[in-house]
Amino acid sequence: MSDIVIRDDRAAGRLEALAGDEVVGHIEYFVLEAPARALVPVHTIVEPAHEGKGIAGSLARELYTIAAREGIVVAPLCPYVVKWAARHPEEAPAADPALLDAAVEWLKTHPGRF
C-alpha cells in the first residue's frame, strides 16, 4: 500500500487511489449543501488486480480525514463506507439521519449522476 497515492478530484466527485499513473481504486461522492454541508460517498470501487491490499479502507479513511479538515461530516450511502465507518467509530462519526435522508433525496433528483 506504500506506493499508493490518494488524490481528491473534487470537481469530478472522485477520491482516487493511484499506483503511479494508474487509478487502482476510487470513491465516487458528491457534496451535499443542505440541510448541512456533507461529503456523501456513493460507490467504492477497487480494480480486481488490486483487491485485498487495503485500498478501499485507505480511501474511506482519507474521505473522513478530508471532511474533518473541512469541518464537515460524511453521510455515507456507499455500503462499503457504511461498514468501514461502523468498524472505525473513533475515526468516522455517525451522520445525522436527516443528512442521510437528504442525501438519498438528492440522488433521486439527480438520477444520471451515479
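See the structure shown above.
Residues numbered from 1 in each chain as written. Predicted model: local features only at pLDDT ≥ 70, side-chain atom pairs only at ≥ 80, totals over all residues. Heavy atoms only, no water.

Draft legend 1. Expanded view of the side chain of Glu-16. Checked against the element boundaries, Glu-16 lands in strand β2 (residues 14–19). Note on Glu-16: relative accessible area 6%, which makes it buried. Polar contacts involving the side chain of Glu-16 include one to the side chain of Arg-7, which spans 2.5 Å. Within polar-contact distance, the side chain of Glu-16 engages the side chain of Arg-14 at 3.0 Å. (Helix = DSSP H or I, 4+ residues; strand = E, 2+ residues; numbered from the N terminus. Buried < 20%, exposed > 50% of the residue type's maximum accessible area, 1.4 Å probe, protein only. Polar contact = N/O pair within 3.5 Å; in protein donor to acceptor, adjacent residues only side chain to side chain.)

Draft legend 2. Seen up close, helix α3 (residues 97–109). Taking 1.5 Å as the rise per residue, α3 with 13 residues should run 18 Å; its terminal C-alpha atoms sit 19 Å apart, in good agreement. Burial in α3 covers these residues: Leu-99, Ala-102, Ala-103 and Trp-106. Summarising the axial view, the buried residues of α3 lie within an arc of 105°, below the 170-degree limit, and thus occupy one face. Opposite its buried face, α3 presents the exposed residues Pro-97, Asp-101 and Lys-108, each directed more than 90 degrees away. In the core, the buried residues of α3 are packed alongside β3 (22–32), β4 (38–46) and β5 (73–74). Sitting at the head of α3, Asp-96 places a side-chain oxygen 2.7 Å from the backbone nitrogen of Ala-98. (Expected span 1.5 Å × (residues − 1). Arc of directions from axis to C-beta. Contact = heavy atoms within 4.5 Å.)

Draft legend 3. Representation of the packing of aromatic side chains in the model. Following the criterion strictly, the structure yields three aromatic pairs and no others. Centroid distance Phe-30 to Trp-106: 3.8 Å. Interplanar angle 15°. Geometry classified as stacked. Residue Phe-30 is found in strand β3, and its partner Trp-106 is found in helix α3; the two are separated by 76 residues along the sequence. Judged by centre distance (6.0 Å) and plane angle (45°), the ring pair of Phe-30 and Phe-114 falls under tilted. Of this pair, Phe-30 sits in strand β3 while Phe-114 sits in the segment after α3, and the two are 84 residues apart along the sequence. An aromatic cluster is defined as three or more aromatic residues linked by ring pairs; in this entry it consists of Phe-30, Trp-106 and Phe-114. (Phe/Tyr/Trp six-rings, centres within 6.5 Å; stacked < 30°, edge-to-face > 60°.)

Draft legend 4. Broad picture of the packing of helix α1 (residues 55–70) against helix α2 (residues 79–87). Remark: α1 packs on α2, axes separated minimally by 10 Å, with the N-to-C direction vectors making an angle of 75°. When the axis of α1 is compared with that of α2, the two are roughly perpendicular. Mapping the contact onto sequence places Ala-56, Gly-57, Ala-60, Arg-61 and Tyr-64 in α1 and Tyr-80, Val-81, Trp-84 and Ala-85 in α2. Within the contact of α1 with α2, the residues separate by chemical class into seven nonpolar, one polar and one charged. (Axes fitted to C-alpha atoms, helices over the stretch in contact; angles between N-to-C directions. Parallel < 35°, antiparallel > 145°, perpendicular 65-115°, else oblique. Nonpolar A, V, L, I, M, F, W, Y, C, P; charged D, E, K, R; others polar.)

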